[in-house]
Structures are given as structure tokens and as C-alpha cells.
Amino acid sequence: MNDLPYKFFLYFFCACEIYEIWLLLHPNNTRSRMDRTMILDAYNPQCPIRNILARLGDKWSLLVIYTLSHSERMRFGNLRRAIPDISQKMLTTTLRTLEDDGFVTRTIYPEVPPRVEYSLTARAFSLLPHIQSLIVWAKENMEPIIRDRKKAAAEARSLKQK
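Cut-offs and rules
- Numbering of residues starts from 1 in every chain and runs along the sequence as written.
- With the structure being a predicted model, the display of local features is reserved for residues of pLDDT at least 70 and the display and counting of side-chain atom pairs for 80 or more, all residues being used for whole-chain, interface and lining totals.
- Calculation of side-chain values draws on the structure's entire complement of heavy atoms; hydrogens and water are dropped beforehand.
- Numbered from the N terminus, helices here are DSSP runs of H or I no shorter than four residues, and strands are runs of E no shorter than two.
- The protein chains shown are the only cover counted for residues, whose accessible areas, like all others here, come from Shrake-Rupley with a 1.4 Å probe.
- In this analysis, strands are considered paired if DSSP registers two or more bridges between them.
- Two rings from Phe, Tyr or Trp (for Trp, the six-membered ring) form a pair when their centres are within 6.5 Å of each other. A pair whose planes differ by under 30 degrees is stacked, one over 60 is edge-to-face, and the rest are tilted.
- Only Lys NZ and Arg CZ are tested; either one counts as a charge over a ring when it is within 6 Å of the ring centre and within 35 degrees of the ring normal.

Undergrad: Which residues make up the overall build of the protein chain, and what values do they have?
TA: Helix and strand counts for the protein chain come out as 7 helices and 3 strands. Listed N to C, the secondary structure of the protein chain is α-α-α-α-β-α-α-β-β-α in terms of helices and strands. A total of about 12000 Å² of accessible surface is found on the protein chain, and carbon and sulfur atoms cover 59% of it.

Structure (C-alpha cells):
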């Protein structure tokens, strides 16, 4: 038996996902989703993948970082207008999370009314080439992926009807 794919999976994902699946399937488990404030994975504290992707892989973080990359700094209202389908609460939560992780800097100016501006840190700028690569890859592969999804859905419907 060739266990190379298994070793490949373990190497890159540090067995984190296997443990998470086990936790979700375990009958005494009360967790329904990953704790976004977790600093280290209890099962494998050396695994950087799961915790970082949990933060950046949510619905809004990459979009907020990408939007902020188009301006040196942005006010909250401008950022919200640039991402029209995000709620005020979700934008606030996302910005706080990105600030906690060192991707965004929040600057408060002592004015009336107070002015708050957000800008990217050096850490976020180091991530931008990877985000750009992901965008290029997504553009190149979106149509075939959607085609495959439709094909799989049609096959599932035909199996269900039998």
C-alpha cells in the first residue's frame, strides 16, 4: 500500500483536520465549530495551518485585506461602502480580528466626531501576493469548477430519482 498521499496530507495539515473531524463526530463532543480565538491547536501545537486558515479563511477577512490594499488608509464608512454586502457588526468583528492578528492597524484621531482609519500592516502586505495568486487561480478555474458542481448536482438528482 502506498501511503504517500496520507503522509502528504499529514505533513501539510499536521493531522489537525483529522482531529477536528473526530471531535465533531465524537458523541460526547459539545463543540459545533472551531474556536476562532484559539491560539494553538491542543492536539498539535506546532501546526500553523489550521489556526491561520480559520482566521483568514472566513467569509470576509481576505476581502477586507484586499479592499484595504487599494488605499493607504480607509475610514470605516468607506470600507463598508466598498464591501456593500457586509453588515456593520461583521465588518467591526472582522476588523478587530485582523487587528488582533496584526494584519490591520486602527488609528483613532482625537477629533469631534472621532475619526478612525484602518490600514494594512507589513504582515498584511506580505500576504497580498498570495491573495493575488489565489484570485488569479480562482479566475482561471471558476468556470470548470462551476461546471463540475452542476454535473455533480445533476448526477446526485438522477441517483435520488432512481
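Having seen the structure, we can now continue with the description.
Undergrad: Explain the sheet that holds strand E3 (residues 115-120) to me, and be specific about the residues and the numbers.
TA: Strand order in the open sheet made by the 3 strands is E1-E3-E2, with antiparallel pairing throughout. Two strands in the sheet have a free side with no partner beyond their single neighbour: strand E1 (74-75) and strand E2 (104-109). Two elements, E1 and E3, share 2 bridges in a ladder whose sense is antiparallel. Looking across to E3, one finds that Met 74 is bridged to Tyr 118.

Undergrad: How would you summarise unusual backbone geometry if you had to cite specific residues and measurements?
TA: A cis amide bond links Val 112 to the next residue, Pro 113, at an omega of -5°. Relative to the elements of secondary structure, Pro 113 occurs in the loop between E2 and E3.

Undergrad: I'd love a proper account of the packing of aromatic side chains, names of residues and values included.
TA: All told, the structure shown has 0 aromatic pairs when counted by the stated rule. Here the basic side chain of Arg 115 rests over the ring of Tyr 109, its NZ or CZ set 3.8 Å away from the ring centre.

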